[in-house]
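Structural overview for review
The chain contents come next:
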There are 2 protein chains.
Amino acid sequence: MANADAISSLELRSLVTSTGRLELSLQRVTVAPPAPAEVVVRIEASPINPSDLGLLLGSADMATIAAGGSPDAPTLTATVPADRLAGLARRLDQSMPVGNEGAGVVVAAGSEAQALVGKTVAMFGGAMYTQYRKIAAADCLVLPDGTSPADGASCFVNPLTALGMVETMRREGHTALVHTAAASNLGQMLVRICLEDGIALVNIVRSAEQAQLLRDIGARWVCDSTAPTFADDLTDALAETGATIGFDAIGGGRLAGTILNCMEAALSRNATGYSRYGSPIRKQVYVYGSLDTGPVEIVRNAGMAWSVGGWLLPWFLEKVGPETGARLRRRVVDGLKTTFASRYSAEISLAEALRPENVAAYGKRATGAKYLINPNKGLT
Amino acid sequence: MANADAISSLELRSLVTSTGRLELSLQRVTVAPPAPAEVVVRIEASPINPSDLGLLLGSADMATIAAGGSPDAPTLTATVPADRLAGLARRLDQSMPVGNEGAGVVVAAGSEAQALVGKTVAMFGGAMYTQYRKIAAADCLVLPDGTSPADGASCFVNPLTALGMVETMRREGHTALVHTAAASNLGQMLVRICLEDGIALVNIVRSAEQAQLLRDIGARWVCDSTAPTFADDLTDALAETGATIGFDAIGGGRLAGTILNCMEAALSRNATGYSRYGSPIRKQVYVYGSLDTGPVEIVRNAGMAWSVGGWLLPWFLEKVGPETGARLRRRVVDGLKTTFASRYSAEISLAEALRPENVAAYGKRATGAKYLINPNKGLT
């Protein structure tokens, strides 16, 4: 199909009103024909990543979710506590499209992008929880033959974040790293990347089952934060690996600080003499997620050479430049069914993404409950 | 006096036992004759800076301090809570000399340092709470004629820290800065430096009196953290100045996070559209002190481009190199009675430094209660 007619598309929208009400709904939108360098993609797979949940759920209180609307036009509503509205000021009363990444088949293309028609492509750029997405051809990652949209749905966020961690580690002069919530899809990718690259990785998980899962795929250092010996286990692993940088998906609570303090304890095992300022070796934890949205609490026992800060994939990619970005994307495509394979617990339609029981499940941000939206799955 | 005999010197020592007991005492030590490139300085002035208190008081519980010993050999004891001993492991059961900086008169010099005999010099390097300190001639900063040891006692820690903040601000690409506990001696220096250099400085203080004190010396932006309008006042000041870096002397509690959040609020006033990741402009708070030794609590409302970390003068000086260090020291000496003048609430002897009422006063880390030790003041 060449420069076709406008296409009607059902799109998931998230609205937070200034009165503190979250409303998820499906809106009928019209996708205009593509410009010469654009394509229209029929999206068949788009994951619900933790990084989508902030925009999708707008800090609403999950205890208040309720179904609304009609079978043809379902909605989901919830209450956003008043003290959280200030942080959402710039999105209030605007219907926001959602979905960072997705994959599908090119169904229409402008004159300069005809070669893409019929190809399966992966995309990163927001508004992916929709049936048809218009996008610049240059922003599409063409997937190899035999790759399904579901295989390619999570090409960007998790794979590039995991590769970005390793890249950041190297650029900032560290030689080994720590990862939290390490049994996640992303965490499993990171285990495989580090095995391939011969990098020592200290995995922090929150149960014995998760620890076993990671050991089963080859992880050597796994610390269970629910074990009574956690701080000692972590310090041992840090002393063995020499890791002085960590990536934390959790954020709230004391874990980031504990990692810094255990890094310092590991470094001081080899120190001679007393320095009240601690080791001069910089200990860094980057918080890249908010599985716990509460305050980050840092009990300071790591001397003075410590740092905690935010880490964000798009800014990382901007910083390293297009060449490095292209190199990382090539590696992802090459390993899409191996190193970078994702697993989903359910494939749901747009309407099913609005059902309270599903929202409650994916809104928990629990390891192992990863949902894939297929916007072209039937509404019922 | 040339390469004289050994000198007897009374020296303040801090000992924390592995059983959790802090003991401050005065020890009689022998200072051997100086090597060719060394001098011996009779110390007449050495400040008790907040940065001395960690080593001096060893995390002891201030409610338990008690005088001991005899009038000739006074001691002070206190209990160190068991849960704080781990952080002190490397100093336990060692008698530690104390005192980061001081000034005095050169009373003996090696063959290569004869020109210094009789000069008043300032020093940085620990073990300054002593009557006679042997030190490399190269580590002495010769003070101009007419400068007393008391004038030069605080040549290093506060002046170089304040200058280091401005230097760090410039090197990391910021154009204005924030300072907490801003009515301190250091804070007043920073106000004068920023006035001289035309840099916008947002001062955060903890009372209306302190705010007035800073306004009286010319500070333009002063925010009182005890005022009910504090967050709004701070956001206004940050929007006006464009400050995106802060230096925090307090550490524990929520202030560092509040500064980041208000920086983000100030930046978002000029932003267009909604980004759930916040402004991409990096917001940095360096914690350089521990007036509150509790956990740093960061309520995250500053998007993803934020960082909190430790900052330490000696590591800063090492990083910027000797040339920059020499330039900063020259500026200090030139402004010793103006920009970099310190004020003390009391001059005390070594024995008086061990009196419970004095320890309680300087141990409070309160703005305006700065003590100067004169180790050659009579023992009584």
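Cut-offs applied
Residues numbered from 1 in each chain as written. Chains lettered and ligands numbered in written order. Predicted model: local features only at pLDDT ≥ 70, side-chain atom pairs only at ≥ 80, totals over all residues. Heavy atoms only, no water. Domains from an automatic or database assignment. Contact = heavy atoms within 4.5 Å. Buried area = accessible area lost by both parts, 1.4 Å probe. Salt bridge = Lys/Arg side-chain N within 4 Å of Asp/Glu carboxyl O. Pairing = 2+ DSSP bridges. Helix = DSSP H or I, 4+ residues; strand = E, 2+ residues; numbered from the N terminus. Axes fitted to C-alpha atoms, helices over the stretch in contact; angles between N-to-C directions. Least-squares fit on C-alpha atoms with pLDDT ≥ 70 in both. Expected span 1.5 Å × (residues − 1). Bend = angle between axes of the 7 residues up to and from the residue. Buried < 20%, exposed > 50% of the residue type's maximum accessible area, 1.4 Å probe, protein only. Right-handed = clockwise from strand over helix to strand, strands pointing away. Parallel < 35°, antiparallel > 145°, perpendicular 65-115°, else oblique. Left-handed = near helix turned anticlockwise from the far one by under 90°. Nonpolar A, V, L, I, M, F, W, Y, C, P; charged D, E, K, R; others polar.

**Regarding the domain arrangement of chain A**
Residues and elements named next belong to chain A. By domain assignment, chain A separates into domain 1 (7-154 + 342-373) and domain 2 (157-315). For domain 1 versus domain 2, the separation of C-alpha centres amounts to 31 Å. Taken together, the contact between domain 1 and domain 2 spans twelve residues of the former and twelve residues of the latter. Of the roughly 990 Å² buried where domain 1 meets domain 2, counting both sides, 49% is carbon and sulfur surface. There are zero salt bridges connecting domain 1 and domain 2.

**Some details on the sheet that holds strand β5 (residues 74-79) of chain B**
Residues and elements named next belong to chain B. What the five strands build is an open sheet, ordered β4-β5-β2-β1-β6; its pairing is antiparallel. Among the strands making up the open sheet, the edge pair consists of β4 (66-69) and β6 (96-97). Pairing of strand β2 (residues 21-31) with β5 involves five bridges; the strand directions are antiparallel. Directly across from leucine 22, in β5, lies its bridge partner alanine 78. Taken strand by strand, helix α1 (residues 50-57) contacts β1 (7-16), β2 and β6, and its axis lies near 100° from that of β2.

**Considerations on the relation of the copies chain B and chain A**
Mapping chain B onto chain A leaves a residual RMSD of 0.0 Å; the transformation is a rotation of 180° accompanied by 0.0 Å of translation along its axis. The operation mapping one copy onto its partner corresponds to a two-fold rotation axis. The C-alpha atom lying nearest the rotation axis in chain B is that of B:Glu297; the distance is 2.2 Å. The overlap is high: 100% of the interface residues of chain B also sit at the interface in chain A, so the same surface is used on both sides.

**Some words on helix α8 (residues 313-334) of chain B**
Residue and element names in this part refer to chain B. Look at α8: only 20 Å from first C-alpha to last across 22 residues, short of the 32 Å you get at 1.5 Å a residue. Along α8, the sharpest kink reaches roughly 115°, centred on glycine 321 and followed within four residues by the proline proline 322. All buried positions along α8 are accounted for by Leu313, Phe316, Leu317, Val320, Gly321, Thr324, Gly325, Leu328, Val332 and Val333.

**A few points about unusual backbone geometry**
Working note: non-glycine residues mostly have negative phi, and peptide bonds are mostly trans. Residue and element names in this part refer to chain B. Positive phi is not limited to glycine here, since serine 59 has a value of about 60°. Looking at the element boundaries, serine 59 is found in the loop between α1 and β4. One non-glycine residue, aspartate 93, adopts positive backbone phi at about 65°. Inspection of the secondary structure assignment puts aspartate 93 in the loop between β5 and β6.

**A short note on the pairing of strand β12 (residues 200-205) of chain B**
Residue and element names in this part refer to chain B. Among the six residues in β12, six count as buried, and that is most of the element. Residues Ala200, Val202 and Ile204 point to one face of β12 and Leu201, Asn203 and Val205 to the other, with burial holding for every one of them. The sheet contact formed by β12 and strand β13 (residues 221-224) spans four bridges and is parallel. Bridging across to β13, isoleucine 204 finds its partner in cysteine 223. A crossover links β12 with its parallel partner β13, the connecting element being helix α5 (residues 208-216), and its sense is right-handed.

**Some words on the packing of helix α6 (residues 230-241) of chain B against helix α7 (residues 255-269) of chain B**
A pair of packed helices is characterised by two quantities: the angle between their axes and the separation of those axes. Residues and elements named next belong to chain B. At a minimum axis separation of 8 Å, α6 and α7 run at an interaxial angle of 55°. When the axis of α6 is compared with that of α7, the two are oblique. The two elements α6 and α7 meet at a crossing, and its hand is right-handed. Together, Phe230, Ala231, Leu234, Thr235, Asp236, Leu238 and Ala239 of α6 and Leu255, Thr258, Ile259, Cys262, Met263, Ala265, Ala266 and Arg269 of α7 make up the contact between the two elements. For the contact of α6 with α7, the residue count by class is eleven nonpolar, two polar and two charged.

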